[in-house]
Amino acid sequence: MKITNMHFMWAAILCGLFYTSAGYAEDAKQTFKWPKGAKAAISLSYDDALNSQLDHAIPTLNKHGLKGTFYLQINSPAIDKRLPEWRAAAKAGHELANHTIFHQCSKSSPGRDWVDAGRDLDKLTVAQMKDQVLVTNTVLYAIDGLRERTFTAPCLDKLAGGQNYIDAVKSEFVAIKSEGGTGVVEDMSKFDPYAVGVYFPNNITAQQLIDIAKQAADKGTMANYTFHGVGGDHLSVTAEVHEEFIKYLAAHKDIYYVDTFINEMKYVKAQQKK
Ligand SMILES: [Zn+2]
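Notes on the structure follow. Keep in mind it's a predicted model, so treat the numbers as computed, not measured.

Details of the coordination of the zinc ion
Donor atoms from the polypeptide that coordinate the zinc ion comprise D48 (OD), H99 (NE2) and H103 (NE2), at 2.1 Å from the metal. Here the donor residues of the zinc ion are spaced in sequence according to D-x50-H-x3-H. Accessibility classification places H99 together with H103 in one group, the buried group.

This is the structure:
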């Protein structure tokens with residue numbers, strides 16, 4: 001009789017422990033709530049102001065009713081020659097965002113032979129880079145009339161002349177993409193809107209893009225894709241792969257909250273204040 005009671009007691013304690021730990025895991029997943037019960041947020045970003053984005057990415061997003069974020073490098077010929085099309089993209093609800101004027105990157109980093117010696121971020125001061133970033137905000141204001149921005153650091157480099165310039169421009173932005181990695185946020189409770197990690201898709205299949213989104217949905221977090229060329233230009237995905245992925249997201253709006261990065265970050269920051 002005594003033994004039976006002991007067994008019962010241990011069974012009750014163990015059940016309680018299991019219940020508690022399962023409950024905690026569930027709570028952690030549920031803590032962050034995306035709009036309309038979505039399981040994950042998806043940020044579709046496109047860097048460098050490329051012709052192929054105007055030719056393929058924006059028409060595809062419009063066709064399927066999704067919004068993207070376009071990080072414009074102001075000296076891109078595709079801005080000079082096709083300014084009304086960027087303005088139309090902003091009117092259609094896409095975000096025009098800051099990617100500096102000259103896209104200056106650190107020449108001393110590995111694989112940076114392509115960086116022009118006159119555009120070497122290593123040779124710039126923080127104050128010079130800050131000027132460039134602020135002028136870009138002014139140019140974007142002239143294009144779309146908006147005063148709030150997000151930023152992606154060119155090449156995800158953070159040091160101008162060896163000093164952190166991101167800290168010097170932080171206050172000008174709602175959020176900043178400055179980290180590499182898988183693009184999938186591990187834990188929203190530790191998420192920093194000023195150090196967002198992005199994934200650069202390149203030569204990839206639609207299924208691989210979808211699998212990344214599914215990982216974010218499993219974690220209840222967010223996936224940040226930063227495309228470059230779409231059906232052309234550099235670091236590209238084909239127009240077909242891009243469209244298949246966009247189609248998938250549009251067909252699963254119950255799972256994925258897809259919006260401009262600025263809207264998503266305003267939502268996240270409001271949730272973090274609660
Ligand atoms: Zn870039």
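Some words on helix α9 (residues 261–273)
If you check α9, its first and last C-alpha atoms are 18 Å apart, about what 13 residues at 1.5 Å a residue would give, namely 18 Å. Residues of α9 that are buried include every one of F261, I262, E264, M265, V268 and Q271, and no others.

Observations regarding the state of the cysteines
This structure, assessed with the given rule, holds one disulfide. Residue C105 pairs covalently with C155 via a disulfide, S to S 2.0 Å. Because the sign of the S-S torsion sets the handedness, a value of about 85° for the bond joining C105 and C155 places this disulfide among the right-handed ones. Here C105 is found in the loop between β3 (95–98) and α5 (126–144), whereas its partner C155 is found in the loop between β4 (150–152) and β5 (159–160), with 50 residues between them in sequence.

Things to note about the packing of helix α2 (residues 51–64) against helix α8 (residues 239–251)
One way to put it is that α2 packs onto α8 with a least axis distance of 10 Å and a crossing angle of 25°. What the angle tells us is that α2 and α8 run roughly parallel. As for the relative orientation of α2 and α8, their crossing is right-handed in sense. Contact residues: H56, A57, T60, L61, K63 and H64 in α2; A239, H242, E243, I246, K247 and A250 in α8. Here the contact of α2 with α8 is composed, by residue class, of five nonpolar, four polar and three charged.

Quick word on the pairing of strand β1 (residues 40–47)
The buried fraction of β1 amounts to eight of the eight residues, a majority that puts the element mostly inside the structure. Across the two faces of β1 the burial is the same, with A40, I42, L44 and Y46 and A41, S43, S45 and D47 all buried. Here β1 pairs with strand β10 (residues 256–258) via three bridges, running parallel. If you follow A41 over to β10, its bridge partner there is Y257. As defined by bridge partners, β1 adjoins strand β9 (residues 222–227) across six bridges and the pair is classed as parallel. By the bridge assignment for β9, Y46 is matched with F227. Alignment of β1 against strand β2 (residues 69–72), held across three bridges, turns out to be parallel. Each bridged residue has a counterpart across the sheet, and for S45 the counterpart in β2 is T69. On the question of chirality, the crossover connecting β1 to the parallel β2 by way of α2 is right-handed.

Looking at the pattern of salt bridges
If you walk through the whole model with that rule in mind, you get 11 salt bridges. Here E85 makes a salt bridge to R82, at a shortest N to O gap of 2.8 Å. Since its relative accessible area comes to 34%, E85 is described here as partly exposed. Between R112 and D157 there is a salt bridge; the shortest N-O distance is 2.8 Å. Remark: D157 occurs in the loop between β4 and β5 and R112 occurs in the loop between β3 and α5; sequence separation between them is 45 residues. Taken together, the shared-partner salt bridges in this structure form one network comprising D55, R82 and E85.

Concerning unusual backbone geometry
One non-glycine residue, A49, adopts positive backbone phi at about 55°. Residue classification places A49 among the buried residues on the basis of a relative accessible area of 1%. Even without being glycine, N203 reaches a positive phi, approximately 50°. Here N203 lies in the loop between β8 (196–197) and α7 (206–219). N203 gets classed as exposed once you look at its relative accessible area, which sits at 72%.

Observations concerning the packing of aromatic side chains
Tallied over the full model, the rule gives 13 aromatic pairs. Taking the centre distance of 5.2 Å and the plane angle of 25° together, the rings of F151 and F173 count as stacked. Here F173 lies in the loop between α6 (166–169) and β7 (175–179) and F151 lies in strand β4, a separation of 22 residues in the sequence. For the residue pair F151 and F173, the accessibility class agrees, reading buried in each case. Plain terms: the ring middles of Y225 and F227 are 6.2 Å apart, the flat faces sit at 5° to each other, and that makes the pair stacked. The two residues Y225 and F227 agree in class, both being buried. Following the ring pairs from residue to residue traces out a cluster consisting of Y46, F70, W86, Y225, F227 and F245. Between R147 and the ring centre of Y141, over which it is positioned, the NZ or CZ distance is 3.5 Å. The side chain of K177 reaches across the aromatic face of F261, ending 4.1 Å from its centre.

Parameters and conventions
- Residues numbered from 1 in each chain as written.
- Predicted model: local features only at pLDDT ≥ 70, side-chain atom pairs only at ≥ 80, totals over all residues.
- Heavy atoms only, no water.
- Donors = N, O, S within 2.8 Å, 3.2 Å for Na, K, Ca; no water.
- Buried < 20%, exposed > 50% of the residue type's maximum accessible area, 1.4 Å probe, protein only.
- Helix = DSSP H or I, 4+ residues; strand = E, 2+ residues; numbered from the N terminus.
- Expected span 1.5 Å × (residues − 1).
- Disulfide = S-S within 2.5 Å.
- Axes fitted to C-alpha atoms, helices over the stretch in contact; angles between N-to-C directions.
- Parallel < 35°, antiparallel > 145°, perpendicular 65-115°, else oblique.
- Left-handed = near helix turned anticlockwise from the far one by under 90°.
- Contact = heavy atoms within 4.5 Å.
- Nonpolar A, V, L, I, M, F, W, Y, C, P; charged D, E, K, R; others polar.
- Pairing = 2+ DSSP bridges.
- Right-handed = clockwise from strand over helix to strand, strands pointing away.
- Salt bridge = Lys/Arg side-chain N within 4 Å of Asp/Glu carboxyl O.
- Phe/Tyr/Trp six-rings, centres within 6.5 Å; stacked < 30°, edge-to-face > 60°.
- Lys NZ or Arg CZ within 6 Å of the ring centre and 35° of its normal.

On their own, these measurements won't tell you what the molecule is for.
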